[in-house]
Amino acid sequence: KSGSCTKTLTGHSNYVWSVAVSRDGQTVVSGSDDNTIKVWDIKSGSCTKTLTGHSNYVWSVAVSRDGQTVVSGSDDNTIKVW
């Protein structure tokens, strides 16, 4: 609202390529060059879960409308449903 950064989420060990926000605005999901997906609580700024399973960079992430499912696309030629 003010144009200022209100929170910085840190935890990935390499570039972050994609982010998605849940429909309720309470969760952020990020995909990174560190081959992981992180799930964040937006209010606290803490990582609540790290999803591992890709063997290469995670380029894209999406959150389902109901907020129960995360989908990721990777340079390992796979799409994973979490």
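Please refer to the structure higher up on the page.
Residues numbered from 1 in each chain as written. Predicted model: local features only at pLDDT ≥ 70, side-chain atom pairs only at ≥ 80, totals over all residues. Heavy atoms only, no water.

Pairing is antiparallel across the open sheet formed by 3 strands, whose spatial order is 5-6-7. Two strands bound the open sheet, and with one partner strand each, they are strand 5 (58–63) and strand 7 (79–81). Here the average twist between neighbouring strands, direction ignored, is 15°. Here strand 6 (residues 70–74) pairs with strand 7 via 3 bridges, running antiparallel. Looking at the pairing, Ser72 lines up with Lys80 of strand 7. (Pairing = 2+ DSSP bridges. Helix = DSSP H or I, 4+ residues; strand = E, 2+ residues; numbered from the N terminus. Axes fitted to C-alpha atoms, helices over the stretch in contact; angles between N-to-C directions.)

An order of 1-2-3-4 is seen for the 4 strands of this open sheet, with the pairing classed as antiparallel. If you trace the sheet from one side to the other, it starts and ends with strand 1 (16–21) and strand 4 (47–52), each paired once. Neighbour-to-neighbour, the strand axes of this sheet turn through a mean angle of 20°, independent of strand direction. The pairing of strand 3 (residues 36–41) with strand 4 spans 5 bridges and is antiparallel. By the bridge assignment for strand 4, Thr36 is matched with Thr52.

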